[in-house]
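Each chain, written out:
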Amino acid sequence: MPPWSDFEPFIVSGLALGGVYALSGVGLVVLYRATGVLYLAFGAVGAMGALIAWSLTQAGAPGWLSWLVCVAFAAAVTLGYGAVFGPALAARGPLIKAVATIGLTLILYGAMDLLWTTSGGEARSLTLPTDNGGFSIGQIQVNWTQVIALAAGVVITVATGAFLRYTKLGTAMRAMANDREITATLGVPVRRVEAAAWLGCGVLAGVAGLLLADLVALDATTLTFLVISSLAAVLIARLRSIALAFAAAIAVGLLHDLLTPITSLTNYRDMTPFVIAAVGLLVLSRHQVLAQSREES
Amino acid sequence: MSRRIFAPSARTMIVLAAAALAVGAAGCSSSSSSSSSSSTNTSAPPPSASSAPAATSTSSCGTSPGTAATGTPIALGAIVTNQPGTSFTDIPNMANAYFACVNANGGINGHPIKLYIETEQTNPAQIAADAKQLVQTDHVVGIVGNTSIIECSVDSSYWQKLGYYIIDSGIAPECYGTPNSAAVNMGPRYSSDGAVQYALSQHVSKIVFDQSNVPGTGYIAAGPNALAKAAGVPIVQLTENVPISDADSVAIKEVDDAGPDGAVVLNFTPPEALVILQAAQKLGLEDHVKLWGCSTPCNTDFLAQSLGPKWNDKLFVNAELLPPDVTNTPTMNLYKAILKQYGSAVSGGIGSFSQMGFTEAEIAVHALESITGAYTVASVNAAFKAVSDFNTGMLCQLWSYGSSATHIPNNEDSTVTPDNGKMVTAQGCTLISAVDPQIAAYRSAAGTAALEPGS
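Conventions and cut-offs
Residues numbered from 1 in each chain as written. Chains lettered and ligands numbered in written order. Predicted model: local features only at pLDDT ≥ 70, side-chain atom pairs only at ≥ 80, totals over all residues. Helix = DSSP H or I, 4+ residues; strand = E, 2+ residues; numbered from the N terminus. Rg over C-alpha atoms; globule rule 2.2 N^0.38 Å. Buried ≥ 20, exposed ≤ 12 C-beta atoms within 10 Å, placed from the backbone. Contact = placed C-beta atoms within 7 Å. Domains from an automatic or database assignment. Nonpolar A, V, L, I, M, F, W, Y, C, P; charged D, E, K, R; others polar. Axes fitted to C-alpha atoms, helices over the stretch in contact; angles between N-to-C directions. Parallel < 35°, antiparallel > 145°, perpendicular 65-115°, else oblique. Left-handed = near helix turned anticlockwise from the far one by under 90°. Pairing = 2+ DSSP bridges. Core = buried A, V, L, I, M, F, W, Y, C linked by C-beta atoms within 7 Å. pLDDT = per-residue confidence, 0-100. Expected span 1.5 Å × (residues − 1).

Caption draft 1: Structural context of the overall build of chain A. The helix and strand tally for chain A stands at 12 helices and 2 strands. Order of helices (α) and strands (β) in chain A, N terminus to C terminus: α-α-α-α-β-β-α-α-α-α-α-α-α-α. In terms of overall dimensions, chain A is globule-like: its C-alpha atoms have a radius of gyration of 20 Å, near the 19 Å expected for 297 residues. A buried classification covers 51% of the 297 residues belonging to chain A. Pairs at least 24 apart in sequence give 75% of the contacts found in chain A among residues at least 6 apart.

Shown next as structure tokens:
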């Protein structure tokens, strides 16, 4: 086992990655609670938004404009998908709804492969100005993008929790999570509430796409499938608890990176999200079984 | 009432049509990624009308300038990997651009060359079918421009059985270790050898060699391992799952393992190498080791531009081909002119991939021009095999095929480094060390080729 000092740099990188996973996880949970859709295209829309931002930057557009376009693109595509396919699939099961979003993922993935080809050995990168500044903790260099990633995860989690608890729209979303039909009969404009959830999820997908393009890589494959790490956190949260999704996302990012210096485990660190999800679900279901058996006795 | 019934149906139709269009668009992008072997009949494209006149005339590519070849086509074939994240199509596309130029300027004794390009997605069954398609359906008489992650491993014995002598860009061990394949590039092992050799020449105290965790890593790592051991320098071998999702961790680990007097040598595709190097830069780690090295894929201006000046004289990249930006020879100028006039399908423009395609095509044309009779499998492959000491104008040393059991005809390289957005030469042509047993075995059988004039 390496000395503790070898692990220290990986705490920073793990927290930053965990923060972005949390950002994605919160978006996924909110959308699922409001619409019943597990949005598997979350990574793909963020990836395409980031690639569009890269193209705009290359064409000479100012950075802030390209970032806005990235977020706007992700929001528009997500809202558009929700508006077109949401009502049609509203009565179908969660599995069908989730699989339908894989269709969107594949379309976007194919389009990215066509428009941002790698056949000539092209390598792209999207850097944010916050990469250049930062501070040191001991021998560890921390840049502002990493700080923003973690802070964004915390802020979005807290803000979304407050939104769901204290606003009318949030209350409507929570009500829809319990029973869509009864909520509709109570006069809640279901379509509008769902549209708000789709839009919010799309905005978060755009922000996560930008941050991950900087922190991880501006690569269609990487960004599209990075959603799997967030999914692990979301599954542990049973698609309900934002706080649990946040904690699980931080744990995934942290543990993933802390395994890096351990030679015997380093090549297996990409399994971290799945292992954490499997263990988490087993523990949670064991608690549920125990609680049920206590109630019965 | 009828309107209410009709309306949803129309909406459904519109949605379905939109979805079909979108899927179609996605399908176009991955048409070459479909599981079927998509045969692209890429008879040489006509000159691009919109392209600006090249500074160098392209007419020198053929024997009858300005006269289009109208005879019976000579069919050649190529199999190339084209899947999301890994595409080598620029190589056969550039070969095709060269053939287009030849066809527009007399062809081969009046015969145009027709290149059939099969794309594959790393599926052995598909690759085997592609080879049969080229032979049995397209009746190709030679294979030029193959570039595939596993094609050499899959088809090597098939080509040997039929008597084809392949001119390719190699990746798999069989591209270099069999009698029927000769590559214009060094491939990952010998290119990594070159990068490690340069680091050792700078007297580093330790080498960290990191590469993608894909089949064949042991074969590739054996070369750098042999070089480091011979120099008495410790070497740490790492592999990373790709695509890399935690570049910060990877960079930190590499730097920690190498130490301040050590070197980190990467063997990744350009996007993967870039994320590692950028992560190191963001974390302020680029100066925490003596130098960074990289095998040939890093030799692109894309990478140099993305990295910026912090990596000038810090990153040293093995270059299997002469640098196009600073080489002013007739061949290099012809390459650029053909790329400009005929290379609309070459998406990456000037770079290693298109240079490889050009080189393979010029070797093939040189061999075909030596044939006096009919263009058959026997005559074409005998001509390919007979190529000896050919001056490609793209490599450090003269290129030969020959009859040896293995083929590593490109075993002398240079080293480049970023210089404000361009790659420039840091070290001229240098023989890859025969400490690598494969290089030693090849030189023992085929000898050491002379330097190309002007290299």
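Caption draft 2: Focus on the overall build of chain B. On a plain count of helices and strands, chain B comes out with 14 helices and 14 strands. Looking at chain B as a whole, 55% of its 455 residues qualify as buried. Contacts spanning at least 24 positions in sequence make up 74% of the contacts within chain B whose residues lie at least 6 apart.

Caption draft 3: Quick peek at the domain arrangement of chain B. Residue and element names in this part refer to chain B. Taken domain by domain, chain B comprises domain 1 (39-186 + 324-410) and domain 2 (188-319). A C-alpha centroid distance of 31 Å is found between domain 1 and domain 2. In this complex, domain 1 contributes 9 residues to the contact, which on the side of domain 2 involves 11 residues. Broken down by class, the residue content of the side of domain 1 that touches domain 2 amounts to 5 nonpolar, 4 polar and no charged.

Caption draft 4: A look at the interface of chain A and chain B. Contacts between chain A and chain B engage 37 residues on the former and 48 residues on the latter. When residues of the side of chain A that touches chain B are traced back to their parent elements, those giving at least two are α1 (4-35), α4 (94-115), β2 (140-143), α9 (220-225) and α11 (242-258) of chain A. Looking at the side of chain A that touches chain B element by element, the count peaks at 7 residues for α4(A). When grouped by side-chain class, the residues that make up the side of chain A that touches chain B number 15 nonpolar, 15 polar and 7 charged.

Caption draft 5: Region of the structure containing the packing of helix α2 (residues 42-58) of chain A against helix α3 (residues 63-89) of chain A. All names here are of chain A. The N-to-C vectors of α2 and α3 enclose an angle of 150 degrees; their axes lie 8 Å apart at closest approach. Judged by the angle between their axes, α2 and α3 are roughly antiparallel. For the pair α2 and α3, the sense of crossing is right-handed. Contact residues: α2 offers V45, G46, M48, G49, A50, I52, A53, L56 and T57, while α3 offers G63, L65, S66, W67, V69, C70, V71, F73, A74, V77 and T78. For the contact of α2 with α3, the class distribution of residues is 14 nonpolar, 6 polar and no charged.

Caption draft 6: Up close: the sheet that holds strand β13 (residues 412-419) of chain B. Residue and element names in this part refer to chain B. Taken together, the 7 strands give an open sheet; going across it, the order is β9-β8-β10-β11-β12-β13-β14, and neighbouring strands pair in mixed fashion. Sheet topology places β9 (235-240) and β14 (422-431) at the edges, where each strand pairs with a single neighbour. Neighbour-to-neighbour, the strand axes of this sheet turn through a mean angle of 25 degrees, independent of strand direction. Relative to β14, β13 runs antiparallel, the two sharing 7 bridges. The residue bridging T417 from the neighbouring strand is V424, located in β14.

Caption draft 7: The arrangement of the packing of helix α5 (residues 144-166) of chain A against α11(A) in detail. All names here are of chain A. One way to put it is that α5 packs onto α11 with a least axis distance of 10 Å and a crossing angle of 170 degrees. In this view, α5 runs roughly antiparallel relative to α11, as classed from their interaxial angle. Contact with α5, carried on its side by G153, T157, T160 and G161, involves I242, A243, F246 and A249 of α11 and no other residues of that element.

Caption draft 8: Here's a closer look at helix α10 (residues 227-236) of chain A. All names here are of chain A. Of all 10 residues that make up α10, 9 are buried, and the element is covered over most of its length. Along α10, the residues that are buried comprise V227, S229, S230, L231, A232, A233, V234, L235 and I236. A positive phi of about 55 degrees marks R238, the residue just after α10.

Caption draft 9: Spotlight on the nonpolar core. The biggest cluster of nonpolar side chains holds 225 residues, and the ones touching the most others in it are A:A245, B:Y98, B:V265 and B:I276. Among the elements that take part in this core, α1(A) stands out by supplying 15 residues, more than any other. Non-local contacts of B:V265, meaning those with residues more than four positions away in its chain, are made with B:S192, B:A195, B:V196, B:A199, B:I207, B:V208, B:F209, B:P224, B:G293 and B:C294.

Caption draft 10: Seen up close, the confidence of the model for chain B. Looking at chain B as a whole, its pLDDT mean stands at 86, while 87% of the residues score no less than 70. Here residues 1-54 of chain B is a poorly scored stretch, pLDDT under 50, and it has 63 contacts once near neighbours within four places are set aside; other chains count.

Caption draft 11: Local environment of unusual backbone geometry. For A:R238, which is not a glycine, the phi torsion comes out positive at approximately 55 degrees. Inspection of the secondary structure assignment puts A:R238 in the loop between α10 and α11. Even without being a glycine, B:H203 presents a positive backbone phi close to 60 degrees. In this structure, B:H203 sits in the loop between α6 (187-201) and β8 (207-212).

Caption draft 12: Main features of the environment of B:G421. Of note, B:G421 is situated in the loop between β13 and β14. With residues near it in sequence (within four places) discarded, B:G421 still touches B:D301, B:A304 and B:Q305.

Caption draft 13: Fine view of the pairing of strand β10 (residues 263-267) of chain B. Residues and elements named next belong to chain B. Across the 5 residues that make up β10, a large majority, 5, are buried. Neither face of β10 is exposed, since A263, V265 and N267 on one face and V264 and L266 on the opposite face are all buried. In this sheet, β10 lies alongside β8 in parallel orientation, the contact comprising 5 bridges. Bridged to V208 within β10 is V264. Sheet topology places β10 next to strand β11 (residues 291-294); 4 bridges connect them, and they run parallel. Looking across to β11, one finds that L266 is bridged to C294.

Caption draft 14: Expanded view of helix α12 (residues 272-296) of chain A. All names here are of chain A. Spanning 25 residues, α12 covers 36 Å between terminal C-alpha atoms, matching the ideal 36 Å at 1.5 Å per step. By the burial criterion, the buried members of α12 are T272, P273, I276, A277 and G280. Looking at the packing, one finds that the buried side of α12 touches α10 and α11.

Caption draft 15: Region of interest: the environment of B:S306. Relative to the assigned elements, B:S306 resides in helix α10 (residues 301-307). Overall, B:S306 belongs to the buried group, with 24 C-beta atoms counted inside 10 Å. In this structure, B:S306 is in contact with A:A123, A:S125 and B:L274, ignoring residues within four places of it in sequence.

Caption draft 16: Geometry of the environment of B:A172. All names here are of chain B. Inspection of the secondary structure puts A172 in the loop between β6 (166-168) and α5 (174-177). Given 22 C-beta atoms within a 10 Å radius, A172 is considered buried. The contacts of A172, once residues within four sequence positions are left out, are I149, I150, C152, S153 and G216.

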